[in-house]
Amino acid sequence: MLRGERLLLRPLASTDLRRCVKWFSDPQVIYFLGRNSPITLAEEERWFRDYERRTDEQIFAIEVASTHVGNLGLHKIDRTHKKADVGIVIGESAYWSKGYGTEAMRIALRYAFGELGLNKVSLDVLEYNTRAIRTYERLGFQPEGLHREDIYKDGRFVNVLRMGILAREMRDDRPSHTD
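All figures in this text were calculated on a predicted structure; none of them were measured in a lab. (Residues numbered from 1 in each chain as written. Predicted model: local features only at pLDDT ≥ 70, side-chain atom pairs only at ≥ 80, totals over all residues. Heavy atoms only, no water.)

**What about the layout of surface pockets?**
Part 1: By volume, the largest pocket is sized at about 1,400 Å³.
Part 2: As for the largest pocket, its lining consists of 47 residues, and the residues nearest its centre are F32, L33, G87, I88 and V89.
Part 3: When residues of the lining of the largest pocket are traced back to their parent elements, those giving at least two are α3 (41–53), β4 (67–78), β5 (83–90), α4 (100–113), β6 (120–126), α5 (130–139), β7 (142–153) and β8 (156–166).
Part 4: For the lining of the largest pocket, the per-class residue count stands at 24 nonpolar, 11 polar and 12 charged. (1 Å grid on protein atoms, 1.4 Å probe; cavity = no way out; pocket = protein on both sides within 12 Å on 5 of 7 lines; lining within 4 Å. Points joined across faces, edges and corners; volume = space filled by probe spheres on them. Helix = DSSP H or I, 4+ residues; strand = E, 2+ residues; numbered from the N terminus. Nonpolar A, V, L, I, M, F, W, Y, C, P; charged D, E, K, R; others polar.)

**Re unusual backbone geometry**
Part 1: At A65, a residue that is not glycine, the phi angle is positive and equals roughly 50°.
Part 2: Locating A65 in the fold gives a position in the loop between β3 (58–64) and β4.
Part 3: For K82, which is not glycine, the phi dihedral falls at a positive 55°.
Part 4: You can see K82 is positioned in the loop between β4 and β5.
Part 5: Using a relative accessible area of 42% as the deciding quantity, one classes K82 as partly exposed. (Buried < 20%, exposed > 50% of the residue type's maximum accessible area, 1.4 Å probe, protein only.)

**Some points on the packing of aromatic side chains**
Part 1: Applying the stated criterion across every chain, the model contains 10 aromatic pairs.
Part 2: Ring geometry for W47 versus F48: centroids 6.1 Å apart, planes at 50°, classification tilted.
Part 3: One aromatic cluster is present, formed by Y31, F32 and Y128 through successive ring pairs.
Part 4: Sitting above the plane of the Y100 ring, R6 keeps its charged end 4.1 Å from the centroid.
Part 5: Geometry around F32 places R131 over its ring, the cationic atom sitting 5.6 Å from the centre. (Phe/Tyr/Trp six-rings, centres within 6.5 Å; stacked < 30°, edge-to-face > 60°. Lys NZ or Arg CZ within 6 Å of the ring centre and 35° of its normal.)

Here is the structure:
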């Protein structure tokens, strides 16, 4: 478990999946993700069984005051080249724009660059998700490229911005604790 000032990152559990399905079926949430349609519980359970067998992924539930409000995942963890991708969702809209995503990302980056010994963490973000892009920039992520018209959403093609941060570029100004 990874602790911040206001939140906890703990391993995602099968008991969290119904909540995840609710989020990934909410049009307000999936608008900012690279998916177009809701997900079923059966699909989420199948994904979770596959995830449990993988060694290159770590998915955390984001908890605020014992409430599961989102997920954060380190994906494609490459120990040879010391890099990974990161993805985050705050599924509970009451927790949007309150800094929880920023704090969760900062904790995850500290873990990736510290305990995992990674050198680089990358992410993809839809071009119109300006709130997320500003957050990533504040954390030290830099644009690395643009996947032009990479996703088809809501009847149009959308560009996807690739961003990355190196261990030496992390702006770490908040404490956290590891259990």
